[in-house]
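# Observations on chain architecture
Single-letter residue listing:
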Amino acid sequence: MTSTQQLRDFTDAIPENTRYFSGIALRGYFEKIGKYLPYKPIERTPITKPVLEKKMPNDISYSEIKLWQVDNEDHDFRSQYIANLPDYLSSYFANKYIDLFKTKNRRSANTFLRNTLGGDIKKRLDLVNHRYEPIKPSALSINFSAEFEKLPTFSRQRISDLSVEIARYLDKHIQNLLSETAFCLSANETNQESLEHKIYLIILKEMAGINIEPPYFSDYKNDKLTNDNIIKALAKITDDNWWNNKLKRRRDIQREHLSIAVGQVQKKASPYASRSCIGEWIEQKRQNKEFIDNTAIENQETGEQIPLNLQVYKSNANPAIRRCELMTRMRGFEDIADELNYSGVFITITAPSKFHSVHSKGGFVENWIGNNPRDTQSYLCGVWSRIRAKLNREGIKIFGFRVAEPHHDGTPHWHILVFMRPEHLDIAFKTMWIYAMDEDGHEKGAALNRFEFTMIDKTKGSATGYIAKYISKNIDGYALDDELDDGSGQSLKDMSKAVTAWASRWKIRQFQQIGGAPVSVWRELRRLKDKKVEDKIIDPVLAAADVGDWAAYTSHQGGPMVLRKDLKVRLSYDEEFNQYEEKIKKIKGVFSPLIGLSSFICTRLIKWVLVKKEKDVDLKNRAGRTPWSSVNNCTRKFKNDGDDQREQIRRELKIMGLSDDDFIINQLYLRKNIKINQNQYIKLDNTLNGVHLIVSNSPGDKVNHSKKSLKISTFDDYEFLF
């Protein structure tokens, strides 16, 4: 049946009258309305196409991810500057870009990136990276090229793993050489080098590809390399611990050097050291603290244990003790100078502009040569060495102290306080000026900024006062709370941490004595405390050291100009072997070379070893089993008389670097516990034969919570240790 037939059947089914009236209605509608309506095609709303967001690449860095989340349109533009930078370098630019993008506009942010990373910084990075590139590629450098390229970004654990890999690689390489018959036989031929020497030369070429100097390289250059030393060298380069130390050092220097190149070490960013460097330094101090708190030293003969932290606090590792010792020595030199009618001079020596990375007012130094702070320190050492040699030729003797501290961009400069005869001042000034200005002395501003020579004016203060601020600033910022740093404009006390982190990272010696008797002998004599010896030469030197009189100690040793060969008391050493069978010297005691070995006095009576500290060590019971000698610098017996006890308490507190005011002394005398840090307390204990000053890990008796607290600048400064 067709569709037409179906329509007819449907129409026939409708009643006739209905069909009639429906037709009339439709005709009327069309005649009156429908025929006047314009033709309108049916318009349908098109389906909206979904907007596909730009997909974030998978292999971008964390800094690029942060930038993508703010704006993904300019990712390709930013990538050409940031993609090849590690996060610790690019994070600063990413944060600055985001800040400009939000506070100003997109154009300002892109302009910042183009003018910084697109301009001088790329050249500066290339300048620094070139210093760490292998001069002659080797199999070692090729096999580990990816690791060395990313070395500045490695964690401590990754460096440890890499050390094991390299040590195994070289050990296998040496074993393969020894297994080759032809190689071994060639070493036995006439006029040929020894087998050990041949292996050393091959290892030398391998390590030249990674710019790490092998052991005994100086002996090799001077034709003093022996077969025994080669064996020791091979033992080192196949030891992962040796590689771990080398790679850690390489990583830390390269990382901070790159931070200097991109301007992250400066007044406007982070003065003296990068934020990354300071953060790692603080973390290292935390780990040191944890190790010290969990370690004890044990007497190998008796088994007696003493907490290591107590010994560290009483040593020169304590910043307060270190600062006090430096001030004592400086004051002693000044007293000697006053007695000899010498004049004091305060000198400042600064390196040429090409050694500086950033201007003091901001902006990169255009002629920067890509050096690091250690390079600048070597330059200053060379200048001072030539000055000293010239003064010696002129018969001018000087003594005093030198302090090395950084400019805001990490470049070191020197402050020197020395004493000399008044008639030598003019010659000394001219000599120092000539050598300090010898390199690039004609450059703009050199005459004003490179060298200063200031006479000490006694009416304005002592010579020690001139250098006291620099000593405190470079140790712990003691008594500098309200003073601002000229280099950074921030608090000197706050900046002392950054300065210490800077010195630790670059291994720069901050303080150095010029002339005088050695401090190492002074420290050994002080270990003997108030011991009296029969030797008429050693006894006055010992007595001066015991009472802390540096001037008397120096005088008894031969005066401030004494030569090392003319010292009356010197150190005595004992030889031991390390794990590489190398002889190492360890201090054993002191002796007088004027008398001979018969004058030897042992200052290291007890041999201590580091052990894991037992929980809740009972110091009293241990002390009861074995008396503590004065040599180990632990507890001391006091007399029963009250006044004598207080004086002994005062003396012990001074040695430990703690406050010795009457309130604290009385509290200790009355057997009150004094809290010295979060976990430890100091008190007197008389349960033994005599009275002992001890440190406890628990409060024991009720702790005195008086409003007047113990003022300590040492125990709370854990981060300065080591």
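In this text the structure is predicted, and so the values were computed from the model without any measurement.

### Some points on the overall build of the protein chain
In terms of regular secondary structure, the protein chain is built from 28 helices and 14 strands. Counting over 722 residues, the protein chain shows a buried share of 46%. Only carbon and sulfur atoms are counted for the fraction: they give 50% of the accessible area of the protein chain, which is about 39500 Å².

### Remarks on the environment of Gly 332
Structurally, the position occupied by Gly 332 is in helix α17 (residues 319-340). The spatial distance from the C-alpha of Gly 332 to the C-alpha of Asp 549 is 6.9 Å, given a sequence separation of 217 residues. Excluding residues that lie within four positions of it along the chain, Gly 332 makes contacts with Trp 550 and Ala 551.

### Focus: unusual backbone geometry
One non-glycine residue with positive phi stands out, namely Asn 211, at about 60°. The residue Asn 211 is located in the loop between α11 (195-208) and α12 (217-221) in this model. By relative accessible area, which is 31% here, Asn 211 ends up partly exposed.

### A word on the environment of Ala 351
Along the chain, the position of Ala 351 falls in the loop between β3 (343-349) and α18 (373-393). What makes Ala 351 buried here is its relative accessible area of 2%. Distance in space between the C-alpha atoms of Ala 351 and Tyr 379 is 7.6 Å, their sequence separation being 28 residues. When neighbours within four sequence positions are excluded, Ala 351 is seen to be in contact with His 356, Thr 376, Tyr 379, Leu 380 and Arg 450.

### A few points about the sheet that holds strand β8 (residues 570-577)
Here three strands make up an open sheet; going across it, the order is β8-β9-β10 and the pairing antiparallel. Where the open sheet ends on each side, the last strands, each with one partner, are β8 and β10 (596-602). Ignoring strand direction, the axes of neighbouring strands in this sheet form an average angle of 55°. Taken together, the eight bridges between β8 and strand β9 (residues 583-592) define a ladder with antiparallel strand orientation. In the sheet register, Tyr 573 faces β9, and the bridge partner there is Ile 587. Where helix α23 (residues 519-527) meets the sheet, it contacts β8 and β9, and its direction lies at approximately 85° from that of β8.

### A few points about the nonpolar core
Counting residues in each nonpolar core, the largest one holds 67 residues, and the members touching the most others are Ile 347, Ile 349 and Trp 384. Aside from chain neighbours lying at most four places away, what touches Ile 349 is Leu 380, Trp 384, Ile 387, His 413, Trp 414, Ile 416, Ala 436, Arg 450 and Phe 451. The next biggest cluster of nonpolar side chains, apart from the first, holds 40 residues, and it includes Phe 346, Val 403, Leu 528 and Val 533.

### Let's talk about the sheet that holds strand β2 (residues 305-307)
One open sheet holds the three strands; their spatial order is β2-β1-β11, and the pairing between them is antiparallel. Each of the sheet's edge strands pairs with one partner strand only, and the pair in question is β2 and β11 (608-612). Here the average twist between neighbouring strands, direction ignored, is 35°. Pairing between strand β1 (residues 295-299) and β11: five bridges, direction antiparallel. Each residue of the ladder has a partner; that of Ala 296, found in β11, is Val 611.

### Some thoughts on the packing of helix α15 (residues 275-293) against helix α22 (residues 492-506)
Their axes nearest at 9 Å, the elements α15 and α22 cross at an angle of 85°. Comparing their axes, α22 and α15 come out roughly perpendicular. Side by side, α15 and α22 meet where Cys 277, Ile 278, Glu 280 and Trp 281 of the first sit next to Lys 497, Ala 498, Thr 500, Ala 501, Ser 504 and Arg 505 of the second. A class-by-class count of the residues in the contact of α15 with α22 yields five nonpolar, two polar and three charged.

### Digging into the packing of aromatic side chains
According to the stated counting rule, one finds 23 aromatic pairs in the structure shown. One aromatic cluster in this structure is built from Phe 333, Tyr 342, Phe 399, Phe 401, Phe 419, Trp 522, Trp 550 and Tyr 553. The ring of Tyr 88 carries Arg 255 above its face, with NZ or CZ at 3.9 Å from the centroid.

### Re the pairing of strand β5 (residues 412-420)
Within β5, nine of the nine residues are buried, which leaves the element mostly enclosed by the surrounding structure. What you see with β5 is no split at all: Pro 412, Trp 414, Ile 416, Val 418 and Met 420 on one side and His 413, His 415, Leu 417 and Phe 419 on the other are buried throughout. Taken together, the seven bridges between β3 and β5 define a ladder with antiparallel strand orientation. Pairing of Thr 348 across the sheet is with His 415, part of β5. Across eight bridges, strand β4 (residues 399-406) lies against β5 in antiparallel orientation. Directly across from Arg 402, in β5, lies its bridge partner Ile 416. Turn length for the β4-β5 hairpin, with the two strands adjacent in sequence and antiparallel, is five residues, and the turn residue Gly 410 shows positive phi of about 90°.

### Some points on α11
The first and last C-alpha atoms of α11 sit 20 Å apart over 14 residues, in line with the 20 Å expected at 1.5 Å per residue. Regarding α11, the residues found buried are His 197, Ile 199, Tyr 200, Ile 203, Leu 204, Glu 206 and Met 207. Looking at the buried residues of α11, the elements they touch are α7 (139-143), α9 (156-179), α10 (181-186), α12, α13 (227-237) and α14 (240-261).

### Comments concerning the pattern of salt bridges
Considering all chains together, one arrives at 30 salt bridges under this definition. A salt bridge links Lys 458 to Asp 338, with the shortest nitrogen-to-oxygen separation between them at 3.4 Å. On the criterion of sequence distance, the pair formed by Lys 458 in the loop between β6 (451-455) and α21 (463-473) and Asp 338 in helix α17 is long-range, its members being 120 residues apart.

### Quick notes on the confidence of the model for the protein chain
Overall, the prediction assigns the protein chain a mean pLDDT of 81, with 78% of residues at 70 or greater. Note on residues 617-640: pLDDT under 50 across the span, and 68 contacts to partners over four residues away in sequence or across chains. Across residues 701-722 the pLDDT falls below 50, and counting only partners more than four positions away or on other chains, this stretch makes 67 contacts in the model.

Quick notes on the rules
- Each chain carries its own residue numbering, running from 1 in the written order of its sequence.
- Note on the predicted model: pLDDT of at least 70 is required for a residue's local features to be given, and 80 or more for side-chain atom pairs to be given and counted; whole-chain, interface and lining totals, by contrast, use all residues.
- Side-chain measures were taken over the full set of non-hydrogen atoms in the model, leaving aside hydrogen atoms and water.
- Comment: elements are numbered from the N terminus, with helices defined as DSSP H or I runs of at least four residues and strands as E runs of at least two.
- Buried, partly exposed and exposed residues are distinguished by accessible area as a fraction of the type maximum, computed with a 1.4 Å probe on protein chains only: under 20%, between the cut-offs, and over 50%, respectively.
- For accessible areas, the Shrake-Rupley method is used with a probe of radius 1.4 Å. Any residue's cover is judged against the shown protein chains and nothing else.
- Whether two residues are in contact is decided by their heavy atoms: any pair within 4.5 Å suffices.
- A pair of strands is considered paired only if DSSP assigns at least 2 bridges between the two.
- Helix axes are fitted to C-alpha atoms over the stretch in contact, other axes to C-alpha atoms as well, and angles between N-to-C directions run from 0 to 180 degrees.
- Side-chain atoms within 4.5 Å are what join buried Ala, Val, Leu, Ile, Met, Phe, Trp, Tyr and Cys residues into a set we call a nonpolar core.
- Small angles under 35 degrees read as roughly parallel and large ones over 145 as roughly antiparallel, with 65 to 115 read as roughly perpendicular and the rest as oblique.
- Throughout, the ten residues Ala, Val, Leu, Ile, Met, Phe, Trp, Tyr, Cys and Pro are labelled nonpolar, Asp, Glu, Lys and Arg are labelled charged, and all others, Gly among them, are labelled polar.
- Note on ring pairs: Phe, Tyr and Trp rings are taken, using the six-membered ring of Trp, and paired if centres are within 6.5 Å. Classes follow the plane angle, with under 30 degrees stacked, over 60 edge-to-face and the rest tilted.
- In this scheme, the term charge over a ring applies when either NZ of a lysine or CZ of an arginine sits within 6 Å of the ring centre and within 35 degrees of the ring normal.
- Working rule for helices: expected span equals 1.5 Å times residues minus one.
- Salt bridge, as applied in this entry: a Lys or Arg side-chain nitrogen positioned within 4 Å of an Asp or Glu carboxyl oxygen.
- Known as pLDDT, the predictor's confidence for each residue is given on a scale from 0 to 100.

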